[in-house]
Amino acid sequence: MKIAVLPGDGIGTEIVAEAVRVLNVLDLKFETETALVGGAAYEAHGHPLPESTLKLAKEADAVLFGAVGDWKYDKLERQFRPEQAILGLRKNLGLFANFRPAICYEQLVGASSLKPELIAGLDILIIRELTGDIYFGQPRGRRTAVDGHFPGAEEAFDTMRYSRPEIERIAHVAFQAARKRSKRVTSVDKANVLETFQFWKDVVTEVGKEYPDVALDHMYVDNAAMQLVKEPKKFDVVVTGNMFGDILSDEAAMLTGSIGMLPSASLNSSNQGLYEPSHGSAPDIAGKGVANPLATILSAAMMLRFSLNQPEAADRIESAVKQVLAQGLRTADIWSAGTTKVGTREMGDAVVAAITKKTITG
Ligand code: IPM
Ligand code: MG
């Protein structure tokens, strides 16, 4: 087994280091190779996703990814911006299925901006299509308008599009995931306005007929955004397109109180995957040793489960995380009065200790 480790920028290096330490105490046989990505790669090689990094990612069984981005690259030409690295990895590895769980940990109920009773026990799985939609649709660009409200004016445009097979495969992923949970799928669209999402709805409905045991409902994206803060526990598996998924997954993540807790997995059709925390590179706190490494540690657990076929090892990580929370340890983002504030490294130490103690006592 080979894991490509791509820490990236900002807090990426600190949090990935903790996840790697956790992986190393599990006594598994795997090899890791680290490479630069994002702004760090741009500085060293002139490109956010150098050929060598892409090659390593393609050859590996899984990619453990930190985060990319920094405001200082905002003025670069788009192709050189750090975000292009993650988009390039998704596209080149065909990582079309993005799993973003939003789970509210019992001990962190108070960290949410919503009332505890609304989010206690929350467990949503957002499945976001990740290689299509307006993110990748061609053509796109800038030009002089020939029609519209201001003919002759400078304009910019993108293309929203989905093909039947793209929708079918993500729908299958969602229905299969629902079978392992409470057998409910909500498909989020904008069929009332957009041709692309009327088609999305039609195709998801067709695929749903193959899963008579799974209840399917449809919701417009604006309503979904509202229902997520009104009654989030109504949702179980949510499947949606790339752009709506980008927005709703941040919203769902924040319901749980801290985006610093949430892992994610992006898979292709051969279960090769990229695993990354749902949060970004947080340049404002980078290098201070205060970032929460738990989302990355939990992403490593998802990696063991989905790509490396080591479900027991994944369970050990997840229960170690619950244990350190139960011990009252909190990084700054999830700290509240009465708990113990720790830094990135100490949090990693605590997870490692919880795992190794488990090993000894069986
Ligand atoms: C995400 C991020 C990315 C996206 C950016 C960094 C390109 O927001 O993974 O949700 O928009 O997909
Ligand atoms: Mg996003």
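As the structure is a computational prediction, the values presented were derived from the model and not from experiment.

The next subject is the side chain of Thr-53. Residue position: Thr-53 is located in helix 3 (residues 51–59). Not counting the four nearest positions on each side in its chain, Thr-53 is found in contact with Leu-6, Ala-35, Leu-36 and Val-37.

Here we come to the packing of aromatic side chains. On inspection of all chains with the given rule, the structure shows 8 aromatic pairs. Considering the side-chain rings of Tyr-42 and Phe-80, the 5.9 Å spacing of their centres and the 45 degrees angle between planes classify their relative orientation as tilted. You can see Tyr-42 sitting in helix 2 (residues 39–45) and its partner Phe-80 sitting in the loop between strand 3 (62–67) and helix 4 (83–93), a full 38 residues away along the chain. Here Phe-80 falls in the partly exposed class, since its relative accessible area comes to 23%. Between Tyr-162 and Trp-200, the aromatic rings sit 5.2 Å apart at their centres with planes inclined by 50 degrees, giving tilted as the arrangement. You can see Tyr-162 sitting in the loop between strand 7 (154–157) and helix 6 (164–179) and its partner Trp-200 sitting in helix 7 (residues 195–208), a full 38 residues away along the chain. By the burial criterion, Tyr-162 is buried, and Trp-200 matches it. Through pairs of rings, three or more aromatic residues link up here, namely Tyr-162, Phe-197, Trp-200 and Phe-244. Of note, Lys-341 hangs over the ring of Trp-335, and the distance from its end group to the ring centre comes to 5.0 Å.

Turning to its location among the elements, Gly-280 is positioned in the loop between strand 12 (273–277) and helix 10 (294–306). On a C-alpha basis, the gap between Gly-280 and Ala-153 in space is 36 Å, while along the polypeptide they are 127 residues apart. Every residue in contact with Gly-280, bar those within four places of it in the chain, is listed here: Ile-11 and Ala-67.

This part takes up the sheet that holds strand 11 (residues 263–267). Taken in spatial order, the 10 strands of this open sheet run 2-1-3-12-11-4-5-10-8-9, and their pairing is mixed. Strands with a single pairing partner mark the edges of an open sheet, and in this sheet they are strand 2 (31–34) and strand 9 (215–220). Averaged over all pairs of adjacent strands, the angle between strand axes in this sheet comes to 20 degrees, irrespective of strand direction. Here strand 8 (residues 184–189) pairs with strand 9 via 6 bridges, running parallel. Its bridge partner lying in strand 9, Asp-189 is registered against Tyr-220. Seen against the sheet, helix 7 touches strand 5 (123–129), strand 8, strand 9 and strand 10 (237–240) and runs at an angle of roughly 160 degrees to strand 8. Relative to strand 11, helix 10 is tilted by about 35 degrees, and along the sheet it contacts strand 1 (2–8), strand 3, strand 4 (97–103), strand 11 and strand 12.

Time to look at the packing of helix 10 against helix 11 (residues 311–326). Interhelical geometry of helix 10 versus helix 11 gives an angle of 160 degrees and a closest axis separation of 7 Å. By the criterion of interaxial angle, the relationship of helix 10 to helix 11 is roughly antiparallel. Note that helix 10 runs across helix 11; the crossing there is left-handed. In this structure, helix 10 uses Leu-294, Ile-297, Leu-298, Ala-300, Ala-301, Leu-304 and Arg-305 to contact helix 11, whose residues at the interface are Pro-311, Ala-313, Ala-314, Asp-315, Ile-317, Glu-318, Val-321 and Leu-325. Of the residues contributing to the contact of helix 10 with helix 11, the split by class is 12 nonpolar, no polar and 3 charged.

Moving on, we come to the domain arrangement of the protein. Structurally, the protein comprises domain 1 (1–97 + 263–362) and domain 2 (123–255). On a C-alpha basis, the centres of domain 1 and domain 2 stand 26 Å from each other. The interface is formed by 9 residues belonging to domain 1 together with 10 residues belonging to domain 2. Looking only at domain 1, the three residues that lose the most surface to domain 2 are Leu-87, Arg-90 and Phe-96, adding up to 62% of its buried area. Inspection of the region where domain 1 meets domain 2 yields 0 salt bridges. At the boundary of domain 1 and domain 2, one finds 1 residue pair in polar contact (both at pLDDT 80 or more). With 3 residues, helix 4 is the single largest residue contributor to the side of domain 1 that touches domain 2. Residues that form the side of domain 1 that touches domain 2 fall into these classes: 4 nonpolar, 2 polar and 3 charged.

Procedures and definitions
Residues numbered from 1 in each chain as written. Chains lettered and ligands numbered in written order. Predicted model: local features only at pLDDT ≥ 70, side-chain atom pairs only at ≥ 80, totals over all residues. Heavy atoms only, no water. Helix = DSSP H or I, 4+ residues; strand = E, 2+ residues; numbered from the N terminus. Contact = heavy atoms within 4.5 Å. Phe/Tyr/Trp six-rings, centres within 6.5 Å; stacked < 30°, edge-to-face > 60°. Buried < 20%, exposed > 50% of the residue type's maximum accessible area, 1.4 Å probe, protein only. Lys NZ or Arg CZ within 6 Å of the ring centre and 35° of its normal. Pairing = 2+ DSSP bridges. Axes fitted to C-alpha atoms, helices over the stretch in contact; angles between N-to-C directions. Parallel < 35°, antiparallel > 145°, perpendicular 65-115°, else oblique. Left-handed = near helix turned anticlockwise from the far one by under 90°. Nonpolar A, V, L, I, M, F, W, Y, C, P; charged D, E, K, R; others polar. Domains from an automatic or database assignment. Buried area = accessible area lost by both parts, 1.4 Å probe. Salt bridge = Lys/Arg side-chain N within 4 Å of Asp/Glu carboxyl O. Polar contact = N/O pair within 3.5 Å; in protein donor to acceptor, adjacent residues only side chain to side chain.

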